[in-house]
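A look at the structure
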Amino acid sequence: MSTLVDGPLRQPRSTPVTGTPLLELHDVDVEIPLPHGRLHAVRGVSLTAYAGQALGLVGESGSGKSLTLRAAMDLLPSPAVITGGSVVVAGTDVTGMRPAQRREHISSAMAMIFQDALTALNPTMRIGDQVAEVPRQRLGMSRSAARARALDLLVQVGIRDPEQRYRAFPHELSGGMRQRVCIAIALSAEPGLILADEPTTALDVTIQKQVLDVLGRLRRDDGVGLVLVTHDLAVVSSTCSELDVMYGGRVVEEGLTEVLLSAPRHPYTAALLRSVPDPDAPVHRLLTIPGAPPDLLQPIEGCAFAPRCPAVVDRCRTERPPLASLGGPHASACWRAHEPERWPGAVGEAALEGVLR
Amino acid sequence: MTAPAVPVGPVEPLQPLQPSRLPWLRGRGGEGVLRLNPTLVIGLSLLVVIVLAGVLAPVLSPWDPVAQDLTASLQPPGNGHLLGTDQLGRDVFTRLLYAARVDLRVGALAVLFPFIIGTTLGLLAGWFGGWFDLVLMRVVDMVVAFPSFVLIIALVFALGQGTASIYIAITLVGWVAYARIVRGEVLVAKEQEYALAARASGLPTWRILLRHLLPNVLLQAFVFAMSDVVLSILAIVTLGYLGLGVPPPTPDWGSMISEGQNFVFTKWYLTAVPGLAVVVTGLALALVADGVVQRSGRR
C-alpha cells in the first residue's frame, strides 16, 4: 500500500490491530419517518473500529455520518430508527437486546463526546461531580475514591489546578476546558473506544490542536480507540490512521488516511480534497462541488454522486457501484475506481499539500 | 489509564465559585452569592413586608380580628381604628393583617401540591413518552377544556366548604399546567447533549431524571408557580366572595371584599383596601418571578 503514498506522512501508523473489534456495523440502515415520507439517512453502512485505532468518518452535512455514530451508541434522536443491519459491540450483537441491557453493554465498552462542549455538560452540576458520577454510580466506587478518580482524570486531560476546577460550573470554563472535561467524563467509564462527533468544530484552531493532542495521547499511551466524525480534512489527516468517506448515507471510499488523501479512488473524495482551500494558491478561488446532495427521501438509482460527478458514465446512473476492494484495506464504490488517471480534472498533488499543511 | 499529565496552554484565571446549586438562583455573571437585580429586590421586599404584616399581626394591632362590637359598627377611619370598623364592629386593619396569614398560607400550599404532582408527572411523561404520555396528556386536555375557576368552584361545592376542600380542588385542577410546562421542557432537554451524554454513560434512569433533567427544567415551572400563587389567592378570594371560601369568622381578603360590598358607596375602603392587598401581593410575586428569570439569564 505504501507505494501509493507520495505525500509527507504526518500520521504515525496505528498500532497493529489485534483481537476483537470494539465496534462493528454491518449494513446498518437508519430511517427517519417523516410526515411526507421516510428519510433513508443511512444506507447499509459497514465499518469496524479497533482499540488503539483512530478511524475518521468524513462527509458533508447530511451524509449520515453523525447518525451512523448515534446509531452505534444507541442514541438516535427520535423518531430515527435502525431499520436494518446489525451493531456489534465488543463481539456481541446489541441489535436484539432489551434496551436496558443494550445501554449497559454499550456504555461499558464505548463513550461519546459531542460537538458543543457547553451543551454537553449539565449546567447545574459542578464539573468534578460530573466526572465522578459514573465511577460513583456505575463502577460502585466510594465517594472519596470517585473524587480521587475524577481528579486523576482531570489531570489526565490536561486541566491544571484540578482541586480548584473540581468545584467549577461549566459556564465558568473556557470552550477548550469544557471539551477536556467532556473527554474526562467519557474516560471515566473506562471505555475501549471513544466516539467523537465533531469534537473540535466549535473550538478555535490552537485549542483544536490541544484537544486532538489529548485524544492522540490517550490512543498511543492507553490504547483507547477513536471514531472521529468530522468534515474537516485537516483534522482527519493529523489524527486518523483510517478513513471512511460518506456520501448520501453510504460509505463511498475507505482505507488508510494517507492513501485516501494522496490518491483518492472515488471522485467524491477527490472533489472533497479539491475543495479544501490552499493558502499558497496564487488565485484564492475556492473550488466547490457543483450541484446539491441527494434527496434522501427518494430511492436513489445508481450512484448517489452521479449527478454531480465529473467522471460520470452511463452505467453510474442505472447501477449502484458496490464498495469493492482495491487491494488491502482500500475500497471504493465507483465503477471507474481502477482508472483515476482518466477522470476529468484528476486530483494533483496540490490538493494533498493543502490538506497536510 | 495512568498517563502523565498532558502539557497544556495558558490556563485562564479562575472565576469566583458560587455555592448555590441551582443556576437560576445563582445568577449569570457570578460575583457574590446573591447578586440581586432591582426587580428581584423590590419584589422580595414587598413580599417580606406582606409576610411580616401577617406574622406580626398580634404585635401591630391591639384588636382581636374576630371580636365583634356591634355598638361600634361601620366606624370611619381614625379614633383608634386605623381603617375603621366593619358592619360587625371588627377592626378592619387588624382583619387585613390576619387575612394575609390565611391567604398567603392557603395560596402557597395550593400551589405546592399541584407543583409537585404536575412536575413529577410531566417529567415522567416527557422522558418515557409512549402510552403514559398519551393518556396523561389527554387527561390534561380534558381538565384544560373546562374554565378552571368554574371547575374549582364546582369541586369545592361538591367537597364542602373549608380550606381542605380548597386545597384539593385547586390541586385537582392546577397540576395540569405544571405537567404541561415540565413535559414540554423535558422534551427539549432530553435531546440536549448533556442528557444524551448522561444516557450514553449508562447512568440509571432515576439519576438522569433527578440530577440531569429536573434542575434544568424547573425554572419555567417556578416562574409559573409565582403567578399561580396569585391565581390561587384570586380563587380563594372568589370562593370567599361566593361564600365557599374560608369559613367565617376567620378573616380573608375575599370574604372582607364580599362583606364590604353592601357599603361600597358609603364605606368604599371596606372593599378597596383588601382588594389593594390582593393586587400588591400579586405584584410582589410577579416581580420575584421576573427577577429570578433575569438572574438566570434566560429570555
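Note that the coordinates shown come from a computational prediction; the quantities given were computed from them, not determined experimentally.

Another point: the pairing of strand β9 (residues 242-247) of chain A. Side-chain positions along a regular strand alternate between the two faces of the sheet. All names here are of chain A. Counting buried positions over the 6 residues of β9 gives 6, a clear majority of the element. Residue alternation in β9 divides its side chains into two sets, E242, D244 and M246 and L243, V245 and Y247, and both sets are buried. Judged from the 4 bridges that link them, strand β3 (residues 54-58) and β9 form a sheet pairing that is parallel. From the neighbouring strand, L57 faces β9, where its bridge partner is D244. Direction of pairing for β9 relative to strand β10 (residues 250-256): antiparallel, over a ladder of 6 bridges. Bridge pairing links L243 to G255 in β10.

Moving on: the sheet that holds β10(A). Residues and elements named next belong to chain A. Reading across the sheet, the 8 strands line up as β6-β7-β8-β3-β9-β10-β12-β11 and stay open at both edges, with mixed pairing between neighbours. The open sheet has two edge strands, β6 (110-113) and β11 (324-325), and neither has a second partner. Against the sheet, helix α6 (residues 175-188) makes contact with β6 and β7 (193-197), and its axis sits at roughly 165° relative to β6, the strand it touches most.

Interface size is commonly expressed as the accessible area that is lost once the parts come together. All names here are of chain A. Split into domains, chain A comes out as domain 1 (21-240) and domain 2 (266-356). Here the C-alpha centre of domain 2 lies 29 Å away from the C-alpha centre of domain 1. Taken residue by residue, the interface counts 9 residues in domain 1 and 8 residues in domain 2. Looking at the side of domain 1 that touches domain 2, the elements with two or more residues in it are β2 (37-49) and α8 (233-239). Tallying contributions element by element places β2 first for the side of domain 1 that touches domain 2, with 4 residues. Of the residues that constitute the side of domain 1 that touches domain 2, the class distribution is 4 nonpolar, 4 polar and 1 charged.

In this section: the sheet that holds strand β4 (residues 81-89) of chain A. Residues and elements named next belong to chain A. With antiparallel pairing, 4 strands are arranged side by side in an open sheet as β2-β1-β4-β5. Across the chains shown, the open sheet's two edge strands, defined by having one partner strand only, are β2 and β5 (92-93). Bridge count between strand β1 (residues 23-34) and β4: 7 bridges; the pairing is antiparallel. Looking at the pairing, L23 lines up with V89 of β4. In this fold helix α1 (residues 65-72) packs onto β1, β2 and β4, with an angle of close to 110° to the strand it touches most, β1.

All names here are of chain B. Between helix α6 (residues 148-159) and helix α7 (residues 163-189), the least distance of the axes is 9 Å, while the angle of their chain directions is 140°. Between α6 and α7, the angle falls in the class oblique. The crossing of α6 and α7 is right-handed. Together, S148, L151, I152, L155, V156 and L159 of α6 and S165, I166, I168, A169, I170, L172 and V173 of α7 make up the contact between the two elements. Of the residues in the contact of α6 with α7, the class split is 11 nonpolar, 2 polar and no charged.

With that settled, consider the packing of helix α2 (residues 38-55) of chain B against helix α4 (residues 92-128) of chain B. Each pair of packed helices gets described by two things: the angle between the helix axes and the distance between those axes. Residue and element names in this part refer to chain B. Packing of α2 against α4 brings their axes to within 7 Å, and their N-to-C directions diverge by 110°. As summarised for this structure, α2 and α4 are arranged roughly perpendicular, according to the angle between their axes. Where α2 crosses over α4, the handedness of that crossing is left-handed. Taken together, the residues of α4 that come into contact with α2 (itself represented by I50, V51, A53 and G54) are L97, A100, R101 and L104. Looking at the contact of α2 with α4 residue by residue, the classes come out as 6 nonpolar, 1 polar and 1 charged.

So, about the UniProt feature "domain: ABC transporter" (unreviewed entry) in chain A. According to UniProt, the positions carrying the feature "domain: ABC transporter" (unreviewed entry) are residues 23-273 of chain A. Each end of residues 23-273 of chain A is marked by a C-alpha atom, and these two atoms are 28 Å apart; helix forms 40% of the span and strand 27%.

Let us now look at the UniProt feature "transmembrane region" (unreviewed entry) in chain B. Residue and element names in this part refer to chain B. Here the UniProt feature "transmembrane region" (unreviewed entry) sits at residues 36-60, 106-128, 164-182, 217-244 and 268-289. The straight-line gap between the two end C-alpha atoms of residues 36-60 is 30 Å; of that span, 88% is helix and 0% is strand. In residues 268-289, the share of helix is 95% and the share of strand is 0%. The end C-alpha atoms are 32 Å apart.

Sheet topology places β1(A) next to β2(A); 10 bridges connect them, and they run antiparallel. Its bridge partner lying in β2(A), L25(A) is registered against L47(A).

Definitions and limits used
- Residues numbered from 1 in each chain as written.
- Chains lettered and ligands numbered in written order.
- Predicted model: local features only at pLDDT ≥ 70, side-chain atom pairs only at ≥ 80, totals over all residues.
- Buried ≥ 20, exposed ≤ 12 C-beta atoms within 10 Å, placed from the backbone.
- Helix = DSSP H or I, 4+ residues; strand = E, 2+ residues; numbered from the N terminus.
- Pairing = 2+ DSSP bridges.
- Contact = placed C-beta atoms within 7 Å.
- Axes fitted to C-alpha atoms, helices over the stretch in contact; angles between N-to-C directions.
- Domains from an automatic or database assignment.
- Nonpolar A, V, L, I, M, F, W, Y, C, P; charged D, E, K, R; others polar.
- Parallel < 35°, antiparallel > 145°, perpendicular 65-115°, else oblique.
- Left-handed = near helix turned anticlockwise from the far one by under 90°.
- UniProt positions renumbered as here; feature names shortened; annotations may be inferred.

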